[in-house]
Amino acid sequence: MEVRIQTLTPLWTGGVQAGKVDRIHETGILGSMRWWYEAIVRGLGGECCDPSHTECAFTEEKYLKSQAVDKRQKLHDAGLCDVCQVLGATGWKRRLRLAIQDSTRHDPSIEDRLQANRSYVGANGRSRTPIWYFPKELNYKPCSGELSIGVQSLSNDFDPKVIAGLVQFIADWAGMGARAQMGFGVVQLANGRVDTRPLYNYMQSVAGSHPYFKLPTLQNIFLARILPKDERQFDEKETFNLKYDLRRLFALSVDDTELRHFVMGTTRGTRIAAKVKMSRPYNGGKEMRVWGWIPKELPNAKNFKNRNDVVQAIHQHLTNNYTVQVWREMDSARDTVVPNNNDVMTFLRTLLKLEEDRHA
Ligand SMILES: [Zn+2]
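First things first, this report covers the structure right here in the doc. Values in this document were obtained by computation on a predicted structure and should not be read as measured data.

Counting its regular elements, the protein contains 11 helices and 14 strands. Over its C-alpha trace the protein gives a radius of gyration of 21 Å, about what one expects of a compact globule, namely 21 Å for 360 residues. By the burial criterion, 54% of the 360 residues in the protein qualify as buried. For the protein, the proportion of contacts with a sequence separation of at least 24, taken over those separated by at least 6, is 70%. As presented, the protein carries roughly 17,000 Å² of accessible surface, and 46% of it is formed by carbon and sulfur atoms. On the protein, the mean spot of the 50 positive side-chain charges and the mean spot of the 41 negative ones are 5 Å from each other.

If you want it as structure tokens, here you go:
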């Protein structure tokens, strides 16, 4: 199984040195695959460990002792969640191998320094303009172009088409590789759509009833595409202006600071990754993506009492300033395809575009 992808915004997959991209690394591609695979499994109530907490590990004795008939259950008994069963864990190899043929090139258009068209008054009373830094040398800049991902199954009970479907999902909605919050990794498939039904069918088999309140899942993600309101084109700064503007939504009161760091990320003190990501402009500057996840359990804040308040603020900002072409979110009136839908299988089917006709 081979999937050819084309970058719409440069791809960042990390490198040997932090903050530099020496070439496309398989681990960076696998990392984003695992993130979405986990979000889908959790969304369906399947078993998924929290790798930041307790990692799965395979114990052969437990496997041999298990009375289960079903292989998946046997592997659960042996200490592997539904994700680790496929993507690997301590003592257990991944069920697939990625063979990457990299025809991308370092993208000279990525500036080493991007300044938002915004400024604010800092705590010391001085005006500040947020600036983001990227690699200076061409050989370390993120990469643009074409890439072939060969997916090879290493087990007769794992179909590589499942992973190809996942690549299609990421191409449709999010970003591949690292630093999606800096706008990298929007891709499209070079040879037309890949069938997502094998992914859907496979995921049906992991559905269960485990709830997840603190981790990314289909139940708490939102996925959006935005266009300029007028005829203008977005420039590279739009990503950073938007990032800045969303951050400011949560800066109305010092009592919202913890929430702001939780939602938009922080590098101060304990590092927190941004939960809201936005792409760089693509399709000739006519389109951007915004997506993220906001869990039910949130830090206390003055102006935002719950998850809905947070997501509503983001949605409202986008609606006021852009044309929101599509907004996907479960159990929400904001969803533009199936509003107020609480059936996760329907949500997944429509995200995988398996029901285009019915909901067109
Ligand atoms: Zn696991």
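Okay, back to it.
The next subject is the packing of helix H7 (residues 237–249) against helix H9 (residues 307–321). Think of two packed helices as two axes; the pair is described by the angle between the axes and how far apart they sit. Close contact between H7 and H9 brings their axes to 10 Å; oriented N to C, the two are set at 135°. By the angle class used here, H7 and H9 are oblique. Relative to H9, H7 is oriented so that their crossing is right-handed. Facing Leu242, Asp245, Leu246 and Leu249 of H7, the residues of H9 in contact are Ala313, Ile314, His317 and Leu318. When grouped by side-chain class, the residues that make up the contact of H7 with H9 number six nonpolar, one polar and one charged.

This next bit is on helix H1 (residues 26–43). Helix length check: H1 (18 residues) gives 26 Å between terminal C-alpha atoms against 26 Å at 1.5 Å per residue, within 8%. The buried fraction of H1 amounts to 14 of the 18 residues, a majority that puts the element mostly inside the structure. Immediately downstream of H1, the backbone of Gly45 shows phi near 80°, a positive value.

Counted as a void, the second largest pocket has a volume near 380 Å³. Gln219, Asn220, Lys296, Arg307 and Asp331 are the residues nearest the centre of the second largest pocket, which is lined by 15 residues in total. Of the residues in the lining of the second largest pocket, the class split is five nonpolar, six polar and four charged.

Moving on, we come to the sheet that holds strand E9 (residues 146–153). If you trace the four strands from one edge of the open sheet to the other, you get E2-E9-E1-E10, paired in antiparallel fashion. Looking along the sheet, the strands with just one partner apiece sit at the ends: strand E2 (96–102) and strand E10 (187–189). On average, each strand axis in the sheet is inclined to that of its neighbour by 30°, with strand direction left out of account. Strand direction decides the pairing type here: E2 and E9, joined by seven bridges, are antiparallel. Across the sheet, the residue bridging to Gln101 is Ser148, located in E9. Contacts from H1 reach E2 and E9, with the element oriented near 125° to E2. Of the strands in this sheet, strand E1 (2–7), E2, E9 and E10 are in contact with helix H5 (residues 161–173), which crosses E10 at around 130°.

Tetrahedral metal sites with four donors have an ideal angle of 109.5 degrees; octahedral sites with six donors have ideal angles of 90 or 180 degrees. Here the zinc ion is held by the protein donor atoms Cys49 (SG), Cys56 (SG), Cys81 (SG) and Cys84 (SG), which lie 2.3 Å from it. Taken together, the four donor atoms coordinating the zinc ion and their angles of 105 to 112° define a geometry best described as tetrahedral. Taken in chain order, the donor set of the zinc ion reads C-x6-C-x24-C-x2-C. Comparing Cys49 with Cys56, the two get one shared label, buried.

Further remarks concern the side chain of Ser148. Its place among the elements puts Ser148 in strand E9. Taking relative accessible area as the criterion, Ser148 reaches 2% and is therefore assigned buried. Among the polar contacts made by the side chain of Ser148, one reaches the side chain of Glu2 at a distance of 2.5 Å. Non-local contacts of Ser148, meaning those with residues more than four positions away in its chain, are made with Glu2, Val3, Arg4, Ala99, Ile100 and Gln101.

Definitions and limits used
Residues numbered from 1 in each chain as written. Predicted model: local features only at pLDDT ≥ 70, side-chain atom pairs only at ≥ 80, totals over all residues. Heavy atoms only, no water. Helix = DSSP H or I, 4+ residues; strand = E, 2+ residues; numbered from the N terminus. Rg over C-alpha atoms; globule rule 2.2 N^0.38 Å. Buried < 20%, exposed > 50% of the residue type's maximum accessible area, 1.4 Å probe, protein only. Contact = heavy atoms within 4.5 Å. Areas by Shrake-Rupley, 256 points an atom, 1.4 Å probe, with all protein chains shown as cover. Lys, Arg positive; Asp, Glu negative; His and termini not counted. Charge placed at Lys NZ, Arg CZ, Asp CG, Glu CD. Axes fitted to C-alpha atoms, helices over the stretch in contact; angles between N-to-C directions. Parallel < 35°, antiparallel > 145°, perpendicular 65-115°, else oblique. Left-handed = near helix turned anticlockwise from the far one by under 90°. Nonpolar A, V, L, I, M, F, W, Y, C, P; charged D, E, K, R; others polar. Expected span 1.5 Å × (residues − 1). 1 Å grid on protein atoms, 1.4 Å probe; cavity = no way out; pocket = protein on both sides within 12 Å on 5 of 7 lines; lining within 4 Å. Points joined across faces, edges and corners; volume = space filled by probe spheres on them. Pairing = 2+ DSSP bridges. Donors = N, O, S within 2.8 Å, 3.2 Å for Na, K, Ca; no water. Tetrahedral: all angles 85-135°; square planar, octahedral: opposite > 155°, others 65-115°. Polar contact = N/O pair within 3.5 Å; in protein donor to acceptor, adjacent residues only side chain to side chain.

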